[in-house]
Amino acid sequence: MSARDRLARALMVEGAVVAVVFVVIVVFFAASSPVFLTAGSLRDLFVESVPIILVAAGMTCVLVVGGIDLSVGSVVGLSAATTLLSLQNGLPLLVGILIGVGTGVLVGFINGAIIAGLQVNDFIVTLATLSIGAGALQVLATNTQLTGVEPGAFTGLTSNSILGIPQSVLIAAVVIGVLEFVLVATSFGRTIYAAGINGRAAHLAGVSVRRLRLQVYLLSGSVAGFAGVLLASHLNSVQPGLGSGYELTAIAAAVLGGVSLAGGRGSVWRAVLGALFLVTLSQGLQLLGVDPLWFAIVTGASIVAAVAFDRAIQRLAGSLLQPRKPPTRPPADGDESEASRAEAPSLPTQA
Amino acid sequence: MTLSGFLTTCRNSFTTQWEWPWSPPRLGARVAESAGLASRDPTRRLDATRLLDVPPTAQPRGKHVAQHQVSVPTEVGHTGSILLEARGVGKRYPGVIALDDVSVALRASEIHALLGENGAGKSTLIGILSGLSTPDGGELLVDGEVVKFANAHQAQHRGISTIYQEQSLAPDLTVLQNIFLGREPRRAFGLLLNDGEMRKRVAALTEEFGLTAEELDQPAGELGALKQHVVQILKALVFDARVLILDEPTSGLEDHERMSLFDQMRQLRDRGVGILWVTHRLDELTGLADVITVLRDGRHVATVADTAAETPESLVRLMVGRKAHSLGDVAGPTAARPRWEGPADEVVRLEGVSRYPLVNDINLTVRRGEILGIAGIAGAGRTEVARLILGADRLDRGQIHINGRAVRIRSPREAYRLGVALVPEERKTQAILGDFSLVKNISVSDLRRVSRGRVVIDRARETRIAADYVKDLGVKTDSVRQRIRNLSGGNQQKVVIARCLFTRPALLIFDEPTQGIDVAAKAEVYRLIYDFVDQGGAAIVISSELPELTRVSDRIVVMREGRISGEVRGSSRDPQAQDSQLAEDIMALAVRESAS
């Protein structure tokens, strides 16, 4: 194998490009700001990114099956509120956490039951539950004082460290590891990909696609609920509007990591890398003293740039891999020629 | 379009004829022509009725003719002038030579069949002829004049229309709107569509091709496959096509529909149209093709003018080039099979199974070691019966028994657990998981078999077992980790069969198992079916190809309008049976009241 081939194959490894882009911005911020790589600032970075990383990981499961879950934005806020409310009213820590996660499970079940059971469009259903959840949070946060609990075990979830790493970061890492394992190594995960690649074929091949869709929304809702619990422990207060916008950031993160919105392609760890990229960007800009008013513009532009860069690299790698030896065999034709068609210049369909 | 491509386009359009190839189709030269403004060439006037009285006898023109009057292998004893000619065209894609120095000439009033196995280069050749792709070498001549097509539009301007396997009509537009799509005659300074003008122009043609006035106003998607083909032909004729390229027009058509399509092809020939016709089905050629050209591995093998002297066997020999496959061999040895000798237990029994209105009171049984064929025209309910057995649809009434036990099958997953598996009819959309490797495609229906504690997949075991199936079934691939969509159709089909076998089924249902795969792959698919039943499996085969069905099946039930209209014995059990007689019997049962 020539060096050229090896380079091409390295570039083709899924996630290689987003990893490179991530390292580039880390190096850039480290060079431009002396405090960026200090322990305190890194700690902040990871603690800040915990909720969005979790939401992006859950979202990935939904995207891979070919669906979308917009409700996670309000699930994060709502779960944070229900947890804090329970704890303020003196319920034990574990019960409070379960109530927070349960909120997410409930919303996920509603999503999944309507989408899989009644076959309603997933975008519409989760857009509706997003709105309902945001409204519920508004009511809850206005009518009760969600000003937090005494510092203790709950706030300690974020502030306490094990071996110098905040607990919440460790917990998030475990959750992500489990999700990645489920998606890659279990039969459940395998069928998620199968249903995303071709739902109809998977159904006829004996995959219970409808049940799978329900399960995936449950998964996404519960992970988002857990993200809300950890966010509450970090902030120790809940305002109306908490978590809004997380759904779109999570989708952007997943796409940055190479998850296909059409389903069937993507992985949890790459979506997590995409989320880390976005959080690092905003933290770095803060350190550089950029006016926060500009953050959204810079973030949007960098998402487009990163994705475009990724596609360009993929195409470059593809062209490096093209054989330069004289060919020997004609391609399959007729309806079988997907391979040759993919290589052929894009042909217009019959005008 | 690149700059150089653009310049080529300009040059061509000025040297050949005055038209604006870069104008958007909707408002471009077509519309101007439709209004009778731009076309200077009287033979290309957009007047459909002209075509009826003036058979195009366009003489070769231009100075290129003289210097290229050399004998090419396609010079055969026909009198029509050459409309379209490819001389020594070649095309390579990265990694493959798809077409190598191929010459073909299509004459007026000629039906010219183009044969070849999958991968022989047929699609590439028609792509070049229809302007979809440009050849790397050689040249194209229209009416003896060298042309270069930058896109399909330019080919259409020169009277070359192509009708593809996939229907390319807009399903929600009416037939009339489809025919004139993008080229509508206008009135009121081009602001309004001229509906009356459209109707006037198609009137003569619709009558001739058996389309009613009501059908003109129906959405195209509501028509049957045959009528949709007719609409595409009309679309080409209204705009003065002199060359029609038909890419497997009969795939997806039932036998009686094919016959009327053939009649229409003859009509087209009689009015001077040259037809280039790609087909997989050799039995169709007899009495229809005037000239047959055979491609193999991207090269021109033969052009046969005396089509009466050819038999399906001799053509297969030309296409395959290896030892002679006779069609009988393809369907398989009937005597030499090591038949299942064990107990002929009943594997599946349907009692009064109904799903209204498509399936009505179906009773049938299949035993171990037996192949049951299901015949019928499209819409007779064959696929629906398969879906009911698989649990993909719910029964309205009736009972299914599997291995003698009454069962309720609520999903395909349950069906697989009970030992039922399906090879679906549309491979691309219903069977393969394109991005998955061969291994993952094979194991997906029974992941438990390769999972530890039913949860975690044992990848090594999965790959090993899948690789065994790949080897046993003779799937041609360099690696079992290859994505399935990179395989040819025949190999994809074998992987789908491997997926079914992987679940160790008792009953295997094949829905159109050889659709769109080449002759050699068909033979292997038949062999897999035989192997399965000869080891004690039970199979149901649904097929629209009667020769295939009669050869493969032990028994054939015929369905009509959701009911079983009769049963015949297949020729695999009955050596005396005449396939053609059987086919006639089946057709009689399938289309009209039982003959007996």
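Colleague: So, the overall build of chain A: which residues are in play, and what are the values?
Modeller: Helices and strands together make up the secondary structure of chain A, namely 15 helices and two strands. Scaling as 2.2 N^0.38, a compact globule of 351 residues should have a C-alpha radius of gyration of about 20 Å, and chain A matches this with 22 Å. By its C-alpha atoms, chain A is 75 × 55 × 40 Å across when sized along the principal axes. Pairs at least 24 residues apart make up 78% of the contacts formed inside chain A by residues separated by at least 6 positions.

Colleague: Can you tell me about the nonpolar core, naming the residues and giving the values?
Modeller: In this structure, Ile53, Val55 and Ala56 of chain A together with Ile529 of chain B are the most contacted members of the largest nonpolar core, which totals 179 residues. The element that contributes the greatest number of residues to this core is helix H11 (residues 209-235) of chain A, accounting for 14 residues. Here this core spans two domains, since at least three of its residues come from each of domain 2 (326-419 + 505-596) and domain 3 (428-504) of chain B. With residues near it in sequence (within four places) discarded, Ile529 of chain B still touches Ile371, Phe510, Ala539, Val541 and Val552 of chain B. Within the second largest apolar cluster, 78 residues are counted, among which are Val102, Val202, Val294 and Val304 of chain B.

Colleague: Go over the pairing of strand S22 (residues 538-542) of chain B with me, naming the residues and quoting the values.
Modeller: Regular strands show a simple pattern: their side chains alternate between the two faces of the sheet. Residue and element names in this part refer to chain B. Across the five residues of S22, five count as buried, placing the element largely inside the fold. Because side chains alternate across S22, one face comprises the buried residues Ala538, Ile540 and Ile542, and the other comprises Ala539 and Val541, equally buried. By the bridge criterion, four bridges tie strand S15 (residues 371-375) to S22 in an arrangement that is parallel. Directly across from Ile371, in S22, lies its bridge partner Ala539. In this structure, strand S21 (residues 507-511) lies alongside S22, joined through five bridges in parallel fashion. When the bridges of S22 are listed, Asp511 appears paired with Ile542.

Colleague: I'd like a rundown of the sheet that holds S22 of chain B, residues and numbers included.
Modeller: Residue and element names in this part refer to chain B. Ordered by their spatial adjacency, six strands build an open sheet running S18-S21-S22-S15-S23-S24, and the pairing between neighbours is mixed. Single-partner strands in this sheet number two, and they are strand S18 (420-423) and strand S24 (563-569). The average undirected angle you get between the axes of adjacent strands in this sheet is 20°. Pairing of S18 with S21, which is carried by four bridges, proceeds in the parallel orientation. Bridge assignment links Leu422 to a residue of S21, and that residue is Ile509. Running over the sheet, helix H20 (residues 519-534) touches S15, S21 and S22 and is turned about 150° from S22.

Colleague: I'd like to hear about the sheet that holds strand S16 (residues 397-402) of chain B, residue by residue, with values.
Modeller: Residue and element names in this part refer to chain B. Across the sheet, which stays open at both edges, the four strands sit in the order S14-S13-S16-S17 with antiparallel pairing between neighbours. Edge positions in the sheet fall to strand S14 (359-367) and strand S17 (405-407), since each of these pairs with one other strand and no more. For this sheet, the mean angle separating the axes of adjacent strands, direction not counted, is 20°. Here strand S13 (residues 346-355) runs beside S14; their pairing, made up of six bridges, is antiparallel. Counterpart to Glu346 in the pairing with S14 is Arg367.

Colleague: Report on the confidence of the model for chain A, specifying residues and quantitative values.
Modeller: For chain A, per-residue confidence averages 84 on the pLDDT scale, and residues scoring 70 or more make up 91% of the total. Low pLDDT, under 50, characterises residues 325-351 of chain A; the stretch is placed with 68 contacts to residues that sit more than four places away or in other chains.

The rules behind these values
- Residues numbered from 1 in each chain as written.
- Chains lettered and ligands numbered in written order.
- Predicted model: local features only at pLDDT ≥ 70, side-chain atom pairs only at ≥ 80, totals over all residues.
- Helix = DSSP H or I, 4+ residues; strand = E, 2+ residues; numbered from the N terminus.
- Rg over C-alpha atoms; globule rule 2.2 N^0.38 Å.
- Contact = placed C-beta atoms within 7 Å.
- Core = buried A, V, L, I, M, F, W, Y, C linked by C-beta atoms within 7 Å.
- Buried ≥ 20, exposed ≤ 12 C-beta atoms within 10 Å, placed from the backbone.
- Domains from an automatic or database assignment.
- Pairing = 2+ DSSP bridges.
- Axes fitted to C-alpha atoms, helices over the stretch in contact; angles between N-to-C directions.
- pLDDT = per-residue confidence, 0-100.

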